[in-house]
Amino acid sequence: MGKRYYCDYCDRSFQDNMHNRKKHLNGVQHHRAKKAWFDHFRDSSAILYDEQTKKPCRKFLQKGICDFGPNCRFSHMSEEDLFHLKKQVEDERQLREDSVDRIMPERSVEEWLSRREKKQTALTTKGDLKTKEDSEEGQAESDVPQQLLSIPDLPPSLLPPPPGGWKVKVNTEWG
């Protein structure tokens, strides 16, 4: 039987040799299937721009179907579809702007790290580390910049400690 080549874009397989593979990869059907696959991942704003530059397809508007399908050089979107696409693009743009505004608070992470380091050195030089840490433990949670707390799915090692501190059992046996 021999090896078979499977094309994910075209969802078909054929005998794998240089001639067959080259013929398939250079074929019109493969190029169309590959373009259709990557069009699924296009940005809404790029789709809107392309659809606005195209003229409406007369055959699609009259009969509701076009012989060329997605390969038609005219637009198959109605005014209502274009309106919904514009609204979606605007919502995505607004969401991006809002997320940028939330990420940019009054101070930066570098500023927070330098202040934290200064506090740590001041506490170690004074000697009584435990009492100072306990008094500032409540402030530590609110002192952490919001952009560090808003990152989703952080591993437990990177999460800030809980407000009451870590619960440690003294009589823990290992082994």
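A few points on the structure. Sequence order sets the numbering: in each chain, residues are counted from 1 along the sequence as written. The predicted origin of the model limits local features to residues at a pLDDT of at least 70 and limits the giving and counting of side-chain atom pairs to 80 or more, whereas totals for whole chains, interfaces and linings rest on all residues. Hydrogens and water molecules were not included; the side-chain quantities draw on all heavy atoms of the structure.

Brief notes about the side chain of Glu51
This is how it is decided: Here a strand is any run of E in DSSP of at least two residues, a helix any run of H or I of at least four, and the numbering for each starts at the N terminus. Residue contacts are defined here by distance: any two heavy atoms, one from each residue, within 4.5 Å place the two residues in contact.
One can find Glu51 in helix H3 (residues 44-53). With residues up to four places along the chain from it excluded, the contact list for Glu51 reads Ser75, His76, Met77 and Leu82.

Re unusual backbone geometry
Of note, the phi angle at Asp11 is positive, near 55 degrees, even though the residue is not glycine. With respect to the element layout, Asp11 can be found in the loop between strand S1 (4-7) and strand S2 (12-15).

Some remarks on the nonpolar core
Soluble globular proteins tend to bury their nonpolar side chains together. Note the threshold: Each nonpolar core is a collection of buried residues, namely Ala, Val, Leu, Ile, Met, Phe, Trp, Tyr and Cys, held together in the definition by side-chain atoms within 4.5 Å. For every residue, the accessible area obtained with a 1.4 Å probe (protein chains only) is divided by the maximum for its type, and the residue is called buried under 20%, exposed over 50%, and partly exposed between those limits.
Core analysis: the largest hydrophobic core is formed by five residues, namely Tyr5, Cys7, Cys10, Phe14 and Ala33. Not counting residues up to four positions away in its chain, the partners in contact with Ala33 are Tyr9 and Cys10.

Observations concerning the pattern of salt bridges
Where charged atoms of side chains with opposite charge meet at close range, the side chains can pair. As a reminder, the rule being used: Each salt bridge in this description consists of a side-chain nitrogen of Lys or Arg and a carboxyl oxygen of Asp or Glu lying within 4 Å of one another.
For the structure shown, the criterion picks out eight salt bridges. In this structure, the salt-bridge partner of Arg21 is Asp16, at a minimum N-O distance of 2.8 Å. Lys59 is paired through a salt bridge with Asp67; the nearest N and O atoms lie 2.9 Å apart. Through salt bridges that share partners, Glu90, Arg93 and Glu97 make up one connected network.

Observations regarding the state of the cysteines
Throughout this description, disulfide means a covalent bond between two cysteine sulfur atoms. The cut-off we apply is this: Cysteine sulfurs are considered disulfide-paired once they come within 2.5 Å of each other.
Evaluated as defined, the whole model comprises zero disulfides. Free of any disulfide, Cys10 has its nearest cysteine sulfur in Cys7, 3.7 Å distant. Free cysteine Cys57: the closest other cysteine sulfur is in Cys66, separated by 3.9 Å.

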